[in-house]
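Below, each chain spelled out in residue letters.
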Amino acid sequence: MPTPSQQAILQEMGYTFWRFRDQGSGSRKQTAEEVAPPVEEASAVPVVEPAPVARPVAAPTVPLEDAPLHNDRAAAIARMGWDELTRAVRECSACALCERRRQAVPGVGDTAADWLFIGEGPGEQEDIKGEPFVGQAGKLLDAMLAAIGLARGHNVYIANAVKCRPENNRTPHAEEMAACRPFLLRQIALLQPKLIVLLGKAAVHSVLDDDQALAKLRRQPLHFGQIPVAVTYHPAYLLRNLPEKARAWEDLCRAKKLVEAG
Ligand code: URA
């Protein structure tokens, strides 16, 4: 169960409370250590892209059809450091999304983070401010982070499958996600997070190349290369489907256990 302060946050966001079945009726409060994941030392930044082959520990099989070095552009991106990568994202014109953006939104957070959260793409507020998840969905994401003892910028990095806003906040097309994927792959390679949390279908599609329903994937043990992957609902979806928040909370608790075990 969350601590009283976490409960306050969750209640504010409309969460309902529940226990894992195997915890029985006697709920146990988490200690501070259990709530806050340990802060790790910054890991060395790899220059070479790790093979981004999704490696499920158990079924289902999650193929990733495209290697990161499939063309010169992807190969160049796979060698970039953070500053160069950020510049390249801001200047990118690899797909039509660049034509209507105010600005590209590279990502935000702690570049030595254990946790990488990946959403779909910038909305209007993100397009204005140049930072992911700063609108309504972002407020909910911040509350979700707080509920598991995390905060934006501290041991957390937040990125999107596409870095430019699709008009009217539509779902990015497959070719737009493919054009942006080298950036996302490089962000993953530079971060080497302990866990990737995929927020919604577009992120799942981009990282795992999997179109199965989230309801099916969210409890599966998935990997991207050697990195464990947790799948949960997108905060914007949760804002429209309040009952699913309990499931998202369950996913986050499971994700926290994965990071603590890693
Ligand atoms: N939704 C997303 O998927 N990403 C954002 O940055 C904002 C809203």
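Keep in mind that this is a model prediction, so the values were computed, not measured. (Residues numbered from 1 in each chain as written. Predicted model: local features only at pLDDT ≥ 70, side-chain atom pairs only at ≥ 80, totals over all residues. Heavy atoms only, no water.)

**Q** Please clarify how the nonpolar core should be interpreted in this entry.
**A** One finds Trp-115, Phe-117, Ile-118, Ile-196, Leu-198 and Val-231 to be the most contacted residues of the largest nonpolar core, which totals 65 residues. Considering each element in turn, this core owes the most residues, 8 residues, to helix 7 (residues 174-191). When near neighbours in sequence (up to four residues on either side) are disregarded, Ile-118 contacts Ala-159, Asn-160, Ala-161, Leu-184, Ile-188, Ile-196, Val-197, Leu-198, Leu-199, Ala-203 and Val-207. (Core = buried A, V, L, I, M, F, W, Y, C linked by side-chain atoms within 4.5 Å. Buried < 20%, exposed > 50% of the residue type's maximum accessible area, 1.4 Å probe, protein only. Helix = DSSP H or I, 4+ residues; strand = E, 2+ residues; numbered from the N terminus. Contact = heavy atoms within 4.5 Å.)

**Q** Is there a simple way to explain the side chain of Glu-176 in this structure?
**A** If you trace the backbone, Glu-176 turns up in helix 7. A relative accessible area of 7% places Glu-176 in the buried class. A polar contact of 2.8 Å, which involves the side chain of Glu-176, links it to the side chain of Arg-170. Setting aside its immediate chain neighbours within four residues, Glu-176 contacts Cys-95, Leu-97, Val-162 and Arg-170. (Polar contact = N/O pair within 3.5 Å; in protein donor to acceptor, adjacent residues only side chain to side chain.)

**Q** Explanation requested: the site of the ligand in the structure shown.
**A** Around the ligand, a shell composed of Gly-119, Glu-120, Gly-121, Glu-126, Pro-132, Phe-133, Asn-160 and His-234 is seen. In this structure, Phe-133 approaches the ligand through a main-chain N or O atom, which is 2.8 Å from an oxygen atom. Within the side chain of His-234, one N or O atom sits 2.7 Å away from an oxygen atom of the ligand. When the ligand is considered free in solution it has 230 Å² of accessible area, and contact with the protein chains removes 91% of it. For the shell around the ligand, the class distribution of residues is 2 nonpolar, 4 polar and 2 charged. (Near = heavy atom within 4 Å. Areas by Shrake-Rupley, 256 points an atom, 1.4 Å probe, with all protein chains shown as cover. Nonpolar A, V, L, I, M, F, W, Y, C, P; charged D, E, K, R; others polar.)

**Q** Would you take a moment to explain the pattern of salt bridges for this structure?
**A** A side chain with one charge may pair with a side chain of the opposite charge, provided their charged atoms come close. Overall, the coordinates contain 12 salt bridges when judged by the stated rule. With a shortest N-O distance of 2.8 Å, Glu-176 and Arg-170 are connected by a salt bridge. (Salt bridge = Lys/Arg side-chain N within 4 Å of Asp/Glu carboxyl O.)

**Q** Any chance you could explain the sheet that holds strand 1 (residues 108-109) here in plain terms?
**A** Strand pairing in a sheet is mediated by backbone hydrogen bonds. Such pairs are either parallel or antiparallel. The strand order across the open sheet formed by 6 strands is 1-3-2-4-6-5, and the pairing between neighbours is mixed. Of all strands in the sheet, those with a lone pairing partner are strand 1 and strand 5 (222-224), marking the two edges. For strand 2 (residues 115-119) and strand 3 (residues 156-160), the ladder comprises 5 bridges, and the chain directions are parallel. The residue bridging Leu-116 from the neighbouring strand is Tyr-157, located in strand 3. (Pairing = 2+ DSSP bridges.)

**Q** How should the packing of helix 4 (residues 82-91) against helix 7 be read in this particular structure?
**A** Helix packing for two helices is described by the angle between their axes and how far apart those axes are. Close contact between helix 4 and helix 7 brings their axes to 11 Å; oriented N to C, the two are set at 160°. For the element pair helix 4 / helix 7, the angle class is roughly antiparallel. Relative to helix 7, helix 4 is oriented so that their crossing is left-handed. Of the residues in helix 7, those in contact with Trp-82, Leu-85, Ala-88 and Val-89 of helix 4 are Phe-183, Arg-186, Gln-187, Leu-190 and Leu-191. Within the contact of helix 4 with helix 7, the residues separate by chemical class into 7 nonpolar, 1 polar and 1 charged. (Axes fitted to C-alpha atoms, helices over the stretch in contact; angles between N-to-C directions. Parallel < 35°, antiparallel > 145°, perpendicular 65-115°, else oblique. Left-handed = near helix turned anticlockwise from the far one by under 90°.)

**Q** What's the story with the packing of helix 7 against helix 8 (residues 201-208) in this structure? I'm lost.
**A** Running from amino to carboxyl end, helix 7 crosses helix 8 at an angle of 65°, the nearest separation of the two axes being 10 Å. Crossing of helix 7 over helix 8 shows right-handed handedness. Residue-level inspection shows Ala-174, Met-177, Arg-181 and Leu-184 of helix 7 in contact with helix 8, the latter providing Ala-202, His-205, Ser-206 and Val-207. By residue class, the composition of the contact of helix 7 with helix 8 is 5 nonpolar, 2 polar and 1 charged.

**Q** Sorry if this is basic, but what is going on with the pairing of strand 2 here?
**A** Along any regular strand the residues' side chains alternate between the sheet's two faces. Across the 5 residues that make up strand 2, a large majority, 5, are buried. Covered by surrounding structure in strand 2 are Trp-115, Phe-117 and Gly-119 together with Leu-116 and Ile-118, the residues of both alternating faces. Where strand 2 lies against strand 4 (residues 195-199), 4 bridges are found, and the strand directions are parallel. In the sheet register, Leu-116 faces strand 4, and the bridge partner there is Ile-196.

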